[in-house]
Amino acid sequence: MALTPPRTMPGVLELLPREQIVLQRMLGVIRRNYERFGFLPIETPAIEYSDVLLTKSGGETERQVYFVQSTGALEQADRHGGVPELALRFDLTVPLARYVAEHERELNFPFRRYQMQRVYRGERAQRGRFREFYQCDIDVIGKDNLSVRHDAEIPAVIYSVFSALDIGAFTISLNNRKLMRGYFESLGIADAGQQMLVLREVDKLDKRGAEAVRATLTGSQFGLAAETVERILALVQVRSTSLADALDQLDRLGGGPPALEEGRTELRQVLELIRALGVPETHYALNLSIARGLDYYTGTVYETTLNAHPEIGSVCSGGRYENLAGQYTRSHLPGVGISIGLTRLFWQLRDAGLLHDAGSTVDALVTYMDDAHLPAYLALAGELRAAGIATEVVLEGGKLARQFKYADRAGIRYVLVLGESELAKGVVTVKDLQRGEQSEVARAALVDALRAGFAAP
């Protein structure tokens, strides 16, 4: 019989164990920091009814959706009397909207949720673009209203997460869509649809450059006057170097329509509260080119970039929206949130050589010396596991050098030898592969010695 070649489809990330450990530990860091700020976990199904999933989506999104066909599902009609069409979720925001609308009466508001799950998109296969990937989201959802103070808390969470990930210096950039739309209105761009199109072009400034954006805005598609475009480009190149500078830059904008004034007031409050929340001024800044391309953002918007690697782009983004679930409920549910695309971030960091080897989830390896002493090896492993030290036992013997090589390749830090000599003296030989040190440790003191080793820098 011919063998089927083992293969995975393009656009998925399949890792070897030591890389998977790094990814899992990044997930753990993000989860712990989300929980530190009082966010609660939820999960939603990977598969949703397509009419629910695609309610807020345009044709471009629908072309990327994976539709699901199930024989069992096709045999049954849904409660509306038709055959249910199913699809894989393409983000976590739309399922959140459905979740909040469906469980509205059971939730406490403001509802603070975090969600860390895989999503699926029919992306064109290319380097760094994934069809299956982790998103790590937080959102605060209000009932009827939600204070802008929550907008300030989000950057504090971002700062906590990326400080703990320890992947280099970073900057959280902030802007406000109300301010931008108000400024466009002051220039005579009053139509909401045209304002949205201009915002999308502005959002491409860092990628395309000022000349390309200028050409597009003055071209036939927009037809804006050269003077108007120059004023827009001057605005979107505003960057701050400190909190005082940010506030001064906002004051320099001058007066304008109510939307501009409201956006400026919100930005001032958010910027000042971020400092009160303990985020150093070196880690956040005003950046009036940040617009976020998604239509549903209405106020504060965020993007986070690594200072030494701007080519990676935003590693965390999000913003404020006024009505999360308007397609599913008549309740007014404003919210604010961010998302970390962890799979893409992991891939980019690995590609740039910025990830640290996390070693193994196994702390210690008990070697195998003699069949007669197998019960002693198993007993030693049992003692260590009971003390919270993850321990593997070699069960098939072999040369000791080969067992050491196995531990080294697996990233296991401690190798424990319990031979005739050690058993007679009541000690264990401990080899620290990380430090290249070896010592004899009394059996009764072994747990404390290993714990001390893990605690040492």
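Details of the structure are given in the entry above.
What comes next is a walk through the structure. (Residues numbered from 1 in each chain as written. Predicted model: local features only at pLDDT ≥ 70, side-chain atom pairs only at ≥ 80, totals over all residues. Heavy atoms only, no water.)

**Here's the deal with the sheet that holds strand E4 (residues 86-88)**
Taken in spatial order, the three strands of this open sheet run E2-E4-E3, and their pairing is antiparallel. Two strands close off the open sheet at either side, each with one partner strand: strand E2 (47-49) and strand E3 (67-68). (Pairing = 2+ DSSP bridges. Helix = DSSP H or I, 4+ residues; strand = E, 2+ residues; numbered from the N terminus.)

**Brief notes about the nonpolar core**
Of all hydrophobic cores here, the largest spans 76 residues; its most connected members are Tyr34, Phe162 and Ile232. Of the residues forming this core, the biggest block, eight residues, is contributed by helix H6 (residues 149-165). Residues contacting isoleucine 232, with those up to four places away along its chain left out, are Phe184, Leu187, Ile189, Val198, Val202, Leu217 and Leu224. In terms of nonpolar packing, the next biggest core, distinct from the first, is built from 23 residues, Ala364, Val415, Leu446 and Leu450 among them. (Core = buried A, V, L, I, M, F, W, Y, C linked by side-chain atoms within 4.5 Å. Buried < 20%, exposed > 50% of the residue type's maximum accessible area, 1.4 Å probe, protein only. Contact = heavy atoms within 4.5 Å.)

**Some points on the environment of aspartate 206**
Tracing the backbone through its elements, the reader meets aspartate 206 in helix H9 (residues 205-208). Residues aspartate 206 and asparagine 323 lie 117 residues apart in sequence; the distance between their C-alpha atoms is 29 Å. Excluding anything up to four places from it in sequence, aspartate 206 contacts Arg239, Asn287 and Ser289.

**Remarks on the sheet that holds strand E16 (residues 437-442)**
Strand order in the open sheet formed by five strands is E13-E12-E14-E15-E16, with mixed pairing between adjacent strands. At either end of the open sheet lies a strand with only one pairing partner, and these are strand E13 (391-393) and E16. Within this sheet the neighbouring strands show an average axis-to-axis angle of 25°, counted without direction. In this sheet, strand E15 (residues 427-432) lies alongside strand E14 (residues 414-417) in antiparallel orientation, the contact comprising four bridges. Paired with tyrosine 414 across the two strands is aspartate 432, which belongs to E15. Strands E14, E15 and E16 of the sheet are contacted by helix H18 (residues 446-455), whose axis makes an angle of about 160° with E14. (Axes fitted to C-alpha atoms, helices over the stretch in contact; angles between N-to-C directions.)

Note that every value here comes from positions in space, so none of it alone points to a role or purpose.
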